[in-house]
Amino acid sequence: MKVVIVYESTHHGNTKKLVDAIAAKNEVDLVDATKVDSVNYESYDIIGFASGAAFGKLYKKVTSLALSIPSGKKVFFIYSCGNNNKDYSKSLRTALEEKGCISLGSYGCSGYDTYGPLKLVGGINKGHPDESEISGAVDFYESLL
Ligand SMILES: Cc1cc2nc3c(=O)[nH]c(=O)nc-3n(C[C@H](O)[C@H](O)[C@H](O)COP(=O)(O)O)c2cc1C
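Residues numbered from 1 in each chain as written. Predicted model: local features only at pLDDT ≥ 70, side-chain atom pairs only at ≥ 80, totals over all residues. Heavy atoms only, no water.

- With an unreviewed UniProt entry as reference, the chain is termed Flavodoxin, source organism Lachnotalea glycerini.

### Some thoughts on the packing of aromatic side chains
Right, so step 1: Using the criterion set out here, one finds seven aromatic pairs in the structure.
Right, so step 2: Judged by centre distance (5.6 Å) and plane angle (75°), the ring pair of Tyr79 and Tyr88 falls under edge-to-face.
Right, so step 3: Classification of Tyr79 as buried rests on a relative accessible area of 5%.
Right, so step 4: Among the aromatic residues, those joined into a ring-pair cluster are Phe76, Tyr107, Phe140 and Tyr141.
Right, so step 5: Residue placement shows Lys2 over the ring face of Tyr44; its charged tip is 4.5 Å from the ring centre. (Phe/Tyr/Trp six-rings, centres within 6.5 Å; stacked < 30°, edge-to-face > 60°. Buried < 20%, exposed > 50% of the residue type's maximum accessible area, 1.4 Å probe, protein only. Lys NZ or Arg CZ within 6 Å of the ring centre and 35° of its normal.)

### Focus on the site of the ligand
Right, so step 1: For the ligand, the set of nearby residues contains 22 residues, the closest of which are Ser9, His12, Thr15, Ala53 and Tyr59.
Right, so step 2: A distance of 2.8 Å separates an oxygen atom of the ligand from a polar backbone atom of His11.
Right, so step 3: In this structure, Ala53 approaches the ligand through a main-chain N or O atom, which is 2.5 Å from an oxygen atom.
Right, so step 4: Expressed as a share of its isolated accessible area of 650 Å², the protein-covered part of the ligand is 89%.
Right, so step 5: Of all the secondary-structure elements, those providing two or more residues to the shell around the ligand are α1 (14-25), β3 (46-54) and β5 (74-81).
Right, so step 6: Per element, the largest residue contribution to the shell around the ligand is three residues, and it comes from β3.
Right, so step 7: Taken together, the residues of the shell around the ligand sort by class into eight nonpolar, 13 polar and one charged. (Near = heavy atom within 4 Å. Polar contact = N/O pair within 3.5 Å; in protein donor to acceptor, adjacent residues only side chain to side chain. Areas by Shrake-Rupley, 256 points an atom, 1.4 Å probe, with all protein chains shown as cover. Helix = DSSP H or I, 4+ residues; strand = E, 2+ residues; numbered from the N terminus. Nonpolar A, V, L, I, M, F, W, Y, C, P; charged D, E, K, R; others polar.)

### With respect to the packing of α1 against helix α4 (residues 131-144)
Right, so step 1: Close contact between α1 and α4 brings their axes to 9 Å; oriented N to C, the two are set at 55°. One way to sum up the angle between α1 and α4 is to call them oblique. The crossing of α1 and α4 is right-handed. Contacts between α1 and α4 involve Lys17, Leu18, Ala21, Ile22 and Lys25 from the former and Glu133, Ile134, Ala137, Val138, Tyr141 and Glu142 from the latter.
Right, so step 2: Across the contact of α1 with α4, the residue classes break down as seven nonpolar, no polar and four charged. (Axes fitted to C-alpha atoms, helices over the stretch in contact; angles between N-to-C directions. Parallel < 35°, antiparallel > 145°, perpendicular 65-115°, else oblique. Left-handed = near helix turned anticlockwise from the far one by under 90°. Contact = heavy atoms within 4.5 Å.)

### Some remarks on the nonpolar core
Right, so step 1: Core analysis: the largest hydrophobic core is formed by 22 residues, its most contacted members being Val6, Tyr41, Phe49, Ile69 and Leu96.
Right, so step 2: If you list the elements that add at least two residues to this core, you get β1 (3-8), β3, α2 (60-66), β5 and α3 (90-98).
Right, so step 3: In terms of residues, this core owes the most to one element, β5, which gives four residues.
Right, so step 4: Residues contacting Ile69, with those up to four places away along its chain left out, are Tyr41, Ile47, Phe49, Val75, Leu96, Lys99 and Cys101. (Core = buried A, V, L, I, M, F, W, Y, C linked by side-chain atoms within 4.5 Å.)

Structural data, given as structure tokens:
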């Protein structure tokens, strides 16, 4: 099983903590979405997309790279967010399922957030993702294999 995770973690590196923990324990390629214009998905059996949440969705660059995936691939989603009260991967998952991809699942947790007025109060979710959220991401990933 060859796995790649395409990630975008530009706010505080919160999501990167999740994918780095996965890559530290598992054979997985990581691609920083902000550093590439395309991803060659063909050689991978499973493809993960990981990012923070912005305006109710996963980030734009990771989403645009995800939408160029070939039909039929197995995919999964990982995100961190300010308010962990909904599935921020839902719209991308639906779009990829409509392209014929198979979703293996999503993992989301809270992440330090200083966006907009939150900056004035020092942000929310300081210290997140914490150890248990990070190990939750690793457990989620390992449950997919
Ligand atoms: C421009 C912007 C918009 C955001 N919008 C949302 C949002 O709609 N919902 C939410 O829960 N968090 C939102 N957040 C918070 C981030 O999703 C959260 O801090 C996340 O952990 C950042 O991940 P990263 O450090 O990997 O980029 C937003 C943050 C930014 C910078």
